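Per-entry structural report
Chain by chain, the residues:
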Amino acid sequence: MRAFILLFPLLLVGVYFLISDPMRVVHEYDSPLKEGVLTNDRLFQARWLNKHEQAYNAFIFGSSRSKAFKTSEWSQYFPNEILPFHMGVNDESLYGLAKKFQYLDRQGYFIDHALLIMDHRLLSLLKNSDVHIFRDYYDITGESSGAYYQRFFTSFLNINFLSHYFDYKMSGKIEKDNIYLWDPGFAYDKTTGDHYYVRMDSLIQYDSINYYYQQKEKVFYERKPKESIDLIGGQAEQFLHEIKAILSRHSSDYQIIITPNYDQVQLSGNDRLKLESIFSSDKILDVSGINDMTSNYRNYYEHKHFKPYVANQLMKGVYAE
């Protein structure tokens, strides 16, 4: 009886977790980008692919920087009709990229076309994230479902999270720069996986001068261009060979774009050579470092994400021929 009394509060919390689904992992939703608790977009994406039988045969991969690439724009470069899906997720890792290729191959998807969006950040991440919102879905990694969901429940029990969460539930307001909650102002197409920066696009269209004036100093920081350290070797190289093997097995038409990040960090020369040795130079477009795209801060929404017209220019350069 004493043990039950001691465990009863935890039991109540567990019931609330299952019914109210504060972490958005129990029930299904139309979008991973709704106002409120930060959502794991990998979970949403994998569930969609598991439960819907669209015969996707073309995929865009990458981190949130890949969201500038839209499936509708990409599709126009192929003579035959394709059914594309955007598999880009927040803070993607090379580990996650390899696991997604393995998952699609295992599930019987045809990977006729692939667009891989990479940068030095993605190439540096070689394991599954310990942070629950960046944790790859257990169906993709082979992790047990219990261990996977336990991370979310443990995060829910964090006293700081609970304080912010219940403040939001009572007030309906999210303070700026809240690390647990967000109001992103994005739109999401669940059938293609495409993201749209609706709020930022609206603000820029209404008054672009003021938009950039407000962010000029604290968001668009002064950069010190440099070359990244060598990242491809050992485990990273193994992941890339695994991806290449799947692409070869599917006779995939694929391209790799090293993105024009605002930080102007150039992919190391050794890594570029490694990529070329694995995938061949004609499959790689490297626009990292200092160039016309990265020199103009108006090509970016903020210091991490460039705009869709930049992605369109890159795709035109890759597929024009």
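Going by the structure above, here's the rest.
Residues numbered from 1 in each chain as written. Predicted model: local features only at pLDDT ≥ 70, side-chain atom pairs only at ≥ 80, totals over all residues. Heavy atoms only, no water.

Bringing the pattern of salt bridges into the picture now. A full pass over the atoms with the stated rule returns 19 salt bridges. Aspartate 130 is paired through a salt bridge with arginine 151; the nearest N and O atoms lie 3.9 Å apart. Residue aspartate 130 is found in the loop between helix H5 (120–124) and helix H6 (138–141), and its partner arginine 151 is found in helix H7 (residues 145–156); the two are separated by 21 residues along the sequence. One connected set of salt bridges, linked through shared partners, spans Asp41, Arg42, Glu92, Lys100 and Asp136. (Salt bridge = Lys/Arg side-chain N within 4 Å of Asp/Glu carboxyl O. Helix = DSSP H or I, 4+ residues; strand = E, 2+ residues; numbered from the N terminus.)

On to the sheet that holds strand S4 (residues 113–118). Strand order in the open sheet formed by five strands is S3-S2-S4-S9-S11, and the pairing between neighbours is parallel. On the outer flanks of this sheet lie strand S3 (84–86) and strand S11 (284–286), each paired with one strand and no other. Looking at each pair of strands side by side, their axes are set apart by 10 degrees on average, direction ignored. Together, strand S2 (58–61) and S4 form the strand contacts of helix H4 (residues 94–106), whose direction differs from that of S2 by roughly 165 degrees. Its contacts with the sheet put helix H11 (residues 269–279) on strand S9 (253–258) and S11, and the angle it makes with S11 is roughly 165 degrees. (Pairing = 2+ DSSP bridges. Axes fitted to C-alpha atoms, helices over the stretch in contact; angles between N-to-C directions. Contact = heavy atoms within 4.5 Å.)

What follows concerns the packing of aromatic side chains. In the structure shown here, the tally under the stated rule is 36 aromatic pairs. Here phenylalanine 161 and tyrosine 180 contribute two aromatic rings whose centre-to-centre distance is 5.9 Å and whose plane-to-plane angle is 75 degrees, an arrangement assigned as edge-to-face. A residue pair is termed long-range when its members are at least 10 positions apart, and phenylalanine 161 in helix H8 (residues 159–171) and tyrosine 180 in the loop between H8 and strand S5 (181–182) qualify at 19 residues. Judged on exposure class, the residue phenylalanine 161 and its partner tyrosine 180 are both buried. Site record: aromatic cluster; members linked through ring pairs are Tyr16, Phe17, Phe153, Phe156, Phe161, Tyr165, Phe166 and Tyr180. Lying over the aromatic face of tyrosine 262, arginine 223 brings its terminal NZ or CZ to 3.9 Å of the ring centre. (Phe/Tyr/Trp six-rings, centres within 6.5 Å; stacked < 30°, edge-to-face > 60°. Buried < 20%, exposed > 50% of the residue type's maximum accessible area, 1.4 Å probe, protein only. Lys NZ or Arg CZ within 6 Å of the ring centre and 35° of its normal.)

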